[in-house]
Each structure stands twice: as C-alpha cells, then as structure tokens.
Amino acid sequence: AECVSGCVCPEGLFDDGKGGCVEEKDCPCIHNNQWYSPGQKITVDCNTCTCQKGIWSCTEEVCYGTCMIYGSGHYITFDGKFYDFDGSCEYVAIQDFCGDKNSTGSFSIITENVPCGTTGVTCSKAIKMFLGKTELKLENKEYKEIQRDIGDDVHFWNRTVGLYLVIEASNGVMLIWDKKTTVFIKLTPDYKGKVCGLCGNFDDKSNNDFTTRSGLQETNALKFGNSWKQSSLCPDVTQEIKPCDMKPHRKSWAEKECSIIRSEVFKICHSKVDPIPFYEACVHDACSCDSGGDCECFCSAVAAYAQECTKAQACVFWRTPDIC
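Notes on the structure follow. Here the structure is a predicted model, which means the values were calculated and not measured.

In a beta sheet, neighbouring strands are held together by backbone hydrogen bonds and run either parallel or antiparallel to one another. One open sheet holds the five strands; their spatial order is β11-β12-β13-β14-β15, and the pairing between them is antiparallel. The outermost strands of the open sheet, each flanked by one partner alone, are β11 (90–95) and β15 (142–147). Averaged over all neighbouring strand pairs, the angle between strand axes comes to 25 degrees, with direction disregarded.

Here's what the structure looks like:
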C-alpha cells in the first residue's frame, strides 16, 4: 500500500525469517510454527524429513493407519474423525468384508461394550479378533485362541511391550491393547478404502467415515454406531449420554483433574495435537466412572492424549507419584 523503509538482503542472500540474511544452503524450514535449521530432522508419521535449503525432504516409507477406541465410548477413526458412541452390545470395530461381491474378508475385529459406572456410558470390555480360521479373545487382561473350522490360515504372533499386548498378523493387521479399555488398531495402506466399521473406511477423508453397514452415509453418530451392532437383540442407542449433567457433583472434580491436559505439562504438544477433544473426553469419563475405577478412567483419558503427543514427536512425562 505504501513504501516502507527497511532492509532487504543483499543479492544472493535470503531472509532467514529471524531478521538475518543467509546463503540458500543455510535457509531454515518451518513445521507446526517452529523453525528448524538445515540438516535438522523431524519425524512425520513413520517418515523422517530433513531440512535442506529451506525445503523438507522426506523419506517415503509406507505408514500404518491407526484407529483408537478408548475410555467410555471415544473413537478416533483411521482418517482422524473424533466421535463418541455409547452402545451396550458387540460392534464391528473394523473388517475388510464390506459388501463387495468379490471380496472375502480376511479379518474382523469386534468390540464388546458394557456399561461402566451408573450413568449408562459404556467401555470396551472385550475384543474379539477373527484372523482367517482363528478367533482371538482379549478379556480380563487374558488372551485366548479359539480355532474354527472355516477360513484361511493367517499367521500371527503376539508380544508384550510395556503395558501393552501387541498382536501382529501377516495380512497387515496389528492390534495393541492396554489390557483395560484402550485399543489401537493399525492397518497397512493396502487396506485404504477397503474396510468398514466403527473405525471408518480409511480413505484419507474423514467426512465419509459415518458409512453404515448398508453403505449409506450418516451424519449422526448414533445411527451410524447402531448399524454396526452384531446382534439385532441389543437395543439401539437413542440418545447421547451426558454423564456430567447426570452427576453434577462430580463435574468440578472432573474438570479440575482433567485440566492437566490443557496445562503447562502438555504445552509442548498443544500446537501439534488439539487438546480440546481429549480434555472433553476426559471430563466425560471422569464424571461417568462413579462405581470404582475413577482413577483408571481419568488416567486412560490422559494417556490417550499423551499417546497422540508421542506420535507427533512431543514426548511428555506426565505421570508422577501423585498422578496415575
């Protein structure tokens, strides 16, 4: 709009964004509003990016997609859609048999949800994983294998990593369970757009994740969730449960405890992973777990945020002798 006096860099030099002039090879890069010097590396998903002359140069590894189910009815789909669904039944979390005439499914993962607390919200109590002719059942911190008569042979192996039980199959499916109410389902990109269930369709678009069992697009989480129940005998969920409204005396305690997610403790992560949905989910869970296990519900909710932070390269040491 007008001329402003000031300095620009001499010919052959470039503004480094911090008021200095540098040669092209020394140009910094920017990621999530942070500056990085040439040669610095960051990890994005499963790839490493190196800053070169002001531009990120990244490896092109194939990354697993992840769906997370945790606490009392919180879902984050493969495509990053966040929603809540509290149904008391068995539901298809994810499967690769989606009504296409030519496809024969190689796997399905079922979550059995039961009420946790007295407000009516539900938690994942048991997981069933069908891999070819093997059924794996994860319940009460235990792991069982059941052989069925039909199906192909799909090889798999399991191991324990820290708090988690990890089951990895040769068909590109991985399940990670904390032996409580958190489950991560990981798939290789071969499954993009070929899966369905409460975890969505893994096609990199979050706006069509609410695809019902009959293939219709829904906008309502309850109708979408009800369509994926395994048994028609379970009642449909008709209303969203708001536990803090039902237990107002717990609300202030829940907000106070969960405020750690929005506090300085997690500051390094706030610009990388939005804390608000995780904070709201934490308050929801802390209000709803009113029949014992209060702390477990709260800790699982904070751990879910910490896990996402770790994925985004923001390691947070939040557990203390007083907290979880």
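Having seen the structure, we can now continue with the description.
A word on the state of the cysteines. Taken as a whole, this structure holds 13 disulfides when the rule is applied. The disulfide partner of Cys-89 is Cys-234, and the gap between their sulfur atoms is 2.1 Å. The sign of the S-S torsion, about 75 degrees, decides the handedness of the disulfide formed by Cys-89 and Cys-234: right-handed. Taken together, the residues Cys-89 in the loop between β10 (82–84) and β11 and Cys-234 in the loop between α1 (221–227) and α2 (243–246) connect sequence positions 145 residues apart. Put simply, Cys-244 and Cys-287 are joined by a disulfide, and their sulfur atoms are 2.1 Å apart. Since a negative S-S torsion denotes a left-handed disulfide, the Cys-244-Cys-287 link at about 100 degrees is right-handed.

Below, the discussion takes up unusual backbone geometry. Backbone phi values are negative for most residues with the exception of glycine, while trans is the configuration of most peptide bonds. One non-glycine residue, Lys-53, adopts positive backbone phi at about 50 degrees. Mapping Lys-53 onto the fold places it in the loop between β6 (47–52) and β7 (55–58). For Phe-202, which is not glycine, the phi dihedral falls at a positive 55 degrees. With respect to the element layout, Phe-202 can be found in the loop between β19 (183–187) and α1.

Regions of empty space are outlined by a rolling probe, equal in size to a water molecule, passed over the atoms. Volume-wise, the largest pocket comes out at about 890 Å³. Along the walls of the largest pocket sit 31 residues, with Asp-45, Thr-66, Glu-308, Lys-311 and Ala-312 positioned nearest its centre. Only β5 (41–44), β8 (65–70) and α6 (294–311) provide two or more residues apiece to the lining of the largest pocket. With four residues, β8 is the largest single contributor of residues to the lining of the largest pocket. Classifying every residue of the lining of the largest pocket by side-chain character gives 14 nonpolar, nine polar and eight charged. Looking at the second largest pocket, its volume works out to about 350 Å³. Contributing to the lining of the second largest pocket are 23 residues, with Cys-123, Ser-124, Lys-180, Thr-181 and Glu-296 lying nearest its centre. Those elements that provide at least two residues to the lining of the second largest pocket are β13 (122–131) and α6. Looking at side-chain class alone, the lining of the second largest pocket contains six nonpolar, 10 polar and seven charged residues. When residues are assigned to domains, the lining of the second largest pocket turns out to be shared by domain 2 (65–227) and domain 3 (243–312), each giving three or more.

What counts and what doesn't
Residues numbered from 1 in each chain as written. Predicted model: local features only at pLDDT ≥ 70, side-chain atom pairs only at ≥ 80, totals over all residues. Heavy atoms only, no water. Pairing = 2+ DSSP bridges. Helix = DSSP H or I, 4+ residues; strand = E, 2+ residues; numbered from the N terminus. Axes fitted to C-alpha atoms, helices over the stretch in contact; angles between N-to-C directions. Disulfide = S-S within 2.5 Å. 1 Å grid on protein atoms, 1.4 Å probe; cavity = no way out; pocket = protein on both sides within 12 Å on 5 of 7 lines; lining within 4 Å. Points joined across faces, edges and corners; volume = space filled by probe spheres on them. Nonpolar A, V, L, I, M, F, W, Y, C, P; charged D, E, K, R; others polar. Domains from an automatic or database assignment.

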